[in-house]
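# Summary of the model geometry
Listed here are the chains, written in short residue letters.
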Amino acid sequence: MSTHTSTHIDTPSGRPARLLLGLTGALLALLVLNIVVFDDLRVDSSAGVLETFAKPQHLSSLVAVLIAAALVAFRHRSAARVAVVVAWIEIAAFTFFHLIPVEVGPSKPYWGDGMGDLLQWFGLLSIIAVSAAIISTVRRSPKTTVTPAAASLRS
């Protein structure tokens, strides 16, 4: 009699998990650097630190990446899916805010009248690249790992 069945878990294990944790940490660091060094606080001398970090687009990005990193660190079963969703949201948000050459609402296009400098472009492209690496890492890693669970009886 066997008391093991397969339970599928969506969390990568081993090297992919460490890589995913490193990439989510890198994304968090790049988001902070983007606010402090690459863009907002560097180019706007009137911007306050607290007000800048409290902007909805900044705060929501930071919190989302923190949640994804925590889920990956604790190997939650939804960690990989959450990390991918957050990465896609970051790609979409940075595309909307900086790559679309038309100013709409709070967007700040990096070309045209609001031409971005080298540091702004570096931050933007780094964030998009790390987000794409998160997506690629999850796609390449084994989607499931098998763990034993009691339940079934076999003869």
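Here's what I pulled together on the structure shown here. (Residues numbered from 1 in each chain as written. Predicted model: local features only at pLDDT ≥ 70, side-chain atom pairs only at ≥ 80, totals over all residues. Heavy atoms only, no water.)

Within the secondary structure layout, Thr24 lies in helix α1 (residues 15–38). What makes Thr24 buried here is its relative accessible area of 2%. Measuring from C-alpha to C-alpha, the distance between Thr24 and Ser131 comes to 8.2 Å, with 107 residues separating the pair along the chain. If sequence neighbours within four positions are ignored, Thr24 has contacts with Val65, Ala69, Ala83 and Ile134. (Helix = DSSP H or I, 4+ residues; strand = E, 2+ residues; numbered from the N terminus. Buried < 20%, exposed > 50% of the residue type's maximum accessible area, 1.4 Å probe, protein only. Contact = heavy atoms within 4.5 Å.)

A few words on the packing of aromatic side chains. Scanning the model with the defined rule gives three aromatic pairs in all. Look at Phe38 and Phe122: their rings are 5.4 Å apart centre to centre, the planes differ by 80°, and that puts the pair in the edge-to-face class. One end of the pair, Phe38, is in helix α1; the other, Phe122, is in helix α6 (residues 118–140), and 84 residues separate them in sequence. Their ring planes at 75° and their centres at 5.2 Å tell us that Phe96 and Phe97 sit as a pair that is edge-to-face. (Phe/Tyr/Trp six-rings, centres within 6.5 Å; stacked < 30°, edge-to-face > 60°.)

To continue, consider the environment of Gly123. Relative to the assigned elements, Gly123 resides in helix α6. It is 7.0 Å that separates the C-alpha atoms of Gly123 and Leu30, two residues lying 93 residues apart in sequence. If we skip the residues at most four places from it in the chain, Gly123 touches Asn34 and Phe38.

So, on to the nonpolar core. Formed by 29 residues in total, the largest nonpolar core has its most connected members in Leu20, Leu27, Leu31 and Ile134. Counting residues per element, the ones that place at least two in this core are α1, α4 (56–73), α5 (79–99) and α6. Ile134 has contacts with Leu20, Leu23, Thr24, Leu27, Ala83, Val84 and Ala87, leaving out every residue within four places of it along the chain. (Core = buried A, V, L, I, M, F, W, Y, C linked by side-chain atoms within 4.5 Å.)

Among the surface-exposed residues, Val32, Leu33, Val36, Val37 and Leu119 lie close enough to one another that they form a single nonpolar patch of about 320 Å² accessible area. With respect to the helices, strands and loops of the structure, Val36 is situated in helix α1. The exposure class of Val36 is partly exposed, given its relative accessible area of 36%. (Patch = residues over 30% accessible without salt bridge, like charges linked within 9 Å, V, L, I, M, F, W, Y side chains within 5 Å. Areas by Shrake-Rupley, 256 points an atom, 1.4 Å probe, with all protein chains shown as cover. Salt bridge = Lys/Arg side-chain N within 4 Å of Asp/Glu carboxyl O.)

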